[in-house]
Amino acid sequence: EPEVTQTPSHQVTQMGQEVILRCVPISNHLYFYWYRQILGQKVEFLVSFYNNEISEKSEIFDDQFSVERPDGSNFTLKIRSTKLEDSAMYFCASCIARAHQETQYFGPGTRLLVL
Amino acid sequence: DQQVKQNSPSLSVQEGRISILNCDYTNSMFDYFLWYKKYPAEGPTFLISISSIKDKNEDGRFTVFLNKSAKHLSLHIVPSQPGDSAVYFCAARGGTDKLIFGTGTRLQVFP
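### Some remarks on the overall build of chain B
- When helices and strands are tallied, chain B shows 0 helices and 11 strands.
- Ordered by position from the N terminus, the helices and strands of chain B form the series β-β-β-β-β-β-β-β-β-β-β.
- Here the C-alpha radius of gyration of chain B, 13 Å, is about what a compact globule of 111 residues would show, namely 13 Å.
- Classification of the 111 residues of chain B by burial places 46% in the buried group.

### Some words on the overall build of chain A
- Of regular secondary structure, chain A possesses 0 helices and 11 strands.
- What you see in chain A, going N to C, is helices and strands ordered as β-β-β-β-β-β-β-β-β-β-β.
- Over its C-alpha atoms chain A spans a radius of gyration of 13 Å, differing by no more than 12% from the 13 Å that the globule rule assigns to 115 residues.
- Structurally, chain A occupies a C-alpha span of about 40 × 30 × 30 Å along its principal axes.
- Relative to its 115 residues, chain A shows a buried fraction of 46%.

### Let's talk about the sheet that holds strand S6 (residues 56-59) of chain B
Residue and element names in this part refer to chain B.
- Strand order in the open sheet formed by 5 strands is S1-S3-S8-S7-S6, and the pairing between neighbours is antiparallel. Only two strands of the sheet have a single neighbouring strand rather than two, namely strand S1 (4-5) and S6.
- Direction of pairing for strand S7 (residues 62-67) relative to strand S8 (residues 72-77): antiparallel, over a ladder of 6 bridges. From the neighbouring strand, Asn 67 faces S8, where its bridge partner is His 72.

### Quick word on the interface of chain B and chain A
- Of the residues lining the interface, 24 residues belong to chain B; the matching set on chain A comes to 20 residues.
- Buried area between chain B and chain A, summed over both chains or domains, comes out near 1,900 Å², and the portion from carbon and sulfur atoms is 52%.
- If you look at where chain B meets chain A, you find 1 salt bridge.
- At the level of elements, strand S4 (32-38), strand S5 (45-51) and strand S9 (86-93) of chain B are the ones that each hand at least two residues to the side of chain B that touches chain A.
- For the side of chain B that touches chain A, the element with the most residues is S4 of chain B, which contributes 4 residues.
- Class assignment for the residues of the side of chain B that touches chain A results in 10 nonpolar, 7 polar and 7 charged.

Thresholds, definitions, all that
Sequence order as written defines the numbering, with residues in each chain counted from 1. Chains and ligands are labelled sequentially in the order written, the chains with letters from A and the ligands with numbers from 1. With the structure being a predicted model, the display of local features is reserved for residues of pLDDT at least 70 and the display and counting of side-chain atom pairs for 80 or more, all residues being used for whole-chain, interface and lining totals. With hydrogens and water set aside, each side-chain value is computed from the structure's full complement of heavy atoms. Secondary structure is summarised from DSSP: a helix means a run of H or I of at least four residues, a strand means a run of E of at least two, and numbering begins at the N terminus for each. Here the globule rule reads 2.2 Å times residues to the power 0.38, and the radius of gyration is calculated from C-alpha atoms. Throughout this description, buried means an accessible area under 20% of the type-specific maximum (1.4 Å probe, protein chains only), exposed means over 50%, and partly exposed covers the range between. At least two DSSP bridges between two strands are needed for those strands to be called paired. Two residues form a contact once any of their heavy atoms are found within 4.5 Å. Two parts lose some accessible area (1.4 Å probe) when they are put together, and adding that loss for both gives the buried area. Here a salt bridge means any side-chain nitrogen of Lys or Arg lying within 4 Å of a carboxyl oxygen belonging to Asp or Glu. Throughout, the ten residues Ala, Val, Leu, Ile, Met, Phe, Trp, Tyr, Cys and Pro are labelled nonpolar, Asp, Glu, Lys and Arg are labelled charged, and all others, Gly among them, are labelled polar.

Spelled out as structure tokens, the structure:
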């Protein structure tokens, strides 16, 4: 069964450093998303991406964040200068279409720890 | 942002009995609801969904009920199995792609 994959599974970085989280969405999916879950809190939407453009972003997704689909398979989230409060699980998701009843399928997540 | 609420942080159920997980929402624009299951160190796994034009959707042991007037939905698992032990998230969508998640309910099914 096709699945969303994410690398790395864990990342430890120093505050102020740049990190890139990688995702390979399900191959025939066209819509891509990033969510995050800070420890003990709910899963929060960050950004949606379609046709090489951001469709929607949350207030969390400030100028320190960017997304890219550098080739036909990868979808990346870059945090330019990490802060302590960026420590969280980051989940990538993909969806085949934007139709009303299409489901977003999630990857296993990347646990980011900023020291 | 408390648009989707799961008021029970945990639930403990005996194997073979019914598990009922509840979710309330405040935004009347939500028109599609999903339940995800999550094991530790894994991503949310889709379980079942329901459109706002329905009041019930069933898939095997899982049934989701939607009460639009009460802005309430519930997930029934019957019979419950030990492998169902996980955190269950309710999520809602309305007008855009983004999913709004509840805080989750940890279900423990004991023998």
